[in-house]
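Secondary and tertiary structure notes
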Amino acid sequence: MDVKIEQSWKQALEAEFDKPYFRSLVEFLHGEKAGGKVIYPPGSQIFNAFRLTPVQDVKVVILGQDPYHGPGQAMGLSFSVPDGIPAPPSLRNIFKEIHDDLGITMSGSPNLEKWARQGVLLLNAVLTVRASEAASHSNIGWQEFTDAVIRYISEHCSGVVFLLWGNFARRKKDLIDTSRHTVLEAAHPSPLAGGAFFGCRHFSKTNQILASEGKTPIDWQL
């Protein structure tokens, strides 16, 4: 596995890379590929969230569940797909909420790298998936790794805003020191949530919190 990860994260997570579960995880992925399985995202993009958002720059965490499992969609950032790929339904709902919340007209570009470069860690709890098989890698060790990431941010960063959307993400709240950070919870932006995500106003609230911490707000416009 091609671990392209930014240096500050490499140092922060060094102990995790040496643990038996992580070695087993890597062996499993090698076995999948050797067996002819197609894995998303491509190996060089698995750690994209860490490459684009160094530890010291993290201001916001948006937690997703696992990567998109369709061709060309997954790019190592939660909810994001590359330019030229249609925005999935959850992302379209996120854009609608941003428009309703902030009055921003979104371009429709589904690539969220601009957010990542401003300090929004777009973290999936599971970092790989087998093509066409949703949640197929949910039990191979990734959650142990990303739980360690959340704990590290909680312990070593300050004033981070965690956006937890849907029941899966909300269960991660126990990993976060809420005396040091802010947790905003809402329904998942998926259409399956019946529109319960709309009206959460998490994007304006996040910027108000960041401003109160003396941090530069996020420019959500794409």
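In the block above lies the structure referred to throughout.
Presented here is a report on the structure given in the accompanying data block. (Residues numbered from 1 in each chain as written. Predicted model: local features only at pLDDT ≥ 70, side-chain atom pairs only at ≥ 80, totals over all residues. Heavy atoms only, no water.)

**Points about the pattern of salt bridges**
Here is the rule: Here a salt bridge means any side-chain nitrogen of Lys or Arg lying within 4 Å of a carboxyl oxygen belonging to Asp or Glu. Relative accessible area decides the class of each residue, using a 1.4 Å probe on protein chains only: under 20% of the type maximum gives buried, over 50% gives exposed, and in between gives partly exposed.
Counted according to the given criterion, the structure contains 10 salt bridges. The shortest N-O distance in the salt bridge between glutamate 16 and lysine 19 comes to 3.0 Å. The class of lysine 19 is partly exposed, set by a relative accessible area of 32%. One salt bridge in this structure joins glutamate 113 and arginine 117, with 3.5 Å as the shortest N-O distance. Arginine 117 sits in the exposed class, given a relative accessible area of 56%. Salt bridges linked by common partners bring Glu32, Arg130 and Glu133 together as one network.

**Topic: the packing of helix 5 (residues 89–102) against helix 9 (residues 202–212)**
The condition is simple: Every axis in this analysis is a line fitted to C-alpha atoms, fitted for helices over the stretch in contact. Angles between the N-to-C directions lie between 0 and 180 degrees. In this text, helices come from DSSP runs of H or I with a minimum length of four residues, and strands from runs of E with a minimum of two, each type numbered from the N-terminal end. Angles below 35 degrees are treated as roughly parallel, those above 145 as roughly antiparallel, those between 65 and 115 as roughly perpendicular, and all remaining angles as oblique. Throughout, a contact is declared for two residues whenever any of their heavy atoms are within 4.5 Å. Three residue categories are used. Nonpolar comprises Ala, Val, Leu, Ile, Met, Phe, Trp, Tyr, Cys and Pro, charged comprises Asp, Glu, Lys and Arg, and polar comprises the others, including Gly.
Running from N to C, helix 5 and helix 9 point in directions that differ by 60 degrees, and their axes come no closer than 8 Å. As judged from the angle between their axes, helix 5 and helix 9 are oblique. Contact with helix 5, carried on its side by Ile94, Glu97, Ile98, Asp101 and Leu102, involves His202, Phe203 and Ser204 of helix 9 and no other residues of that element. In terms of residue class, the contact of helix 5 with helix 9 is made up of four nonpolar, two polar and two charged.

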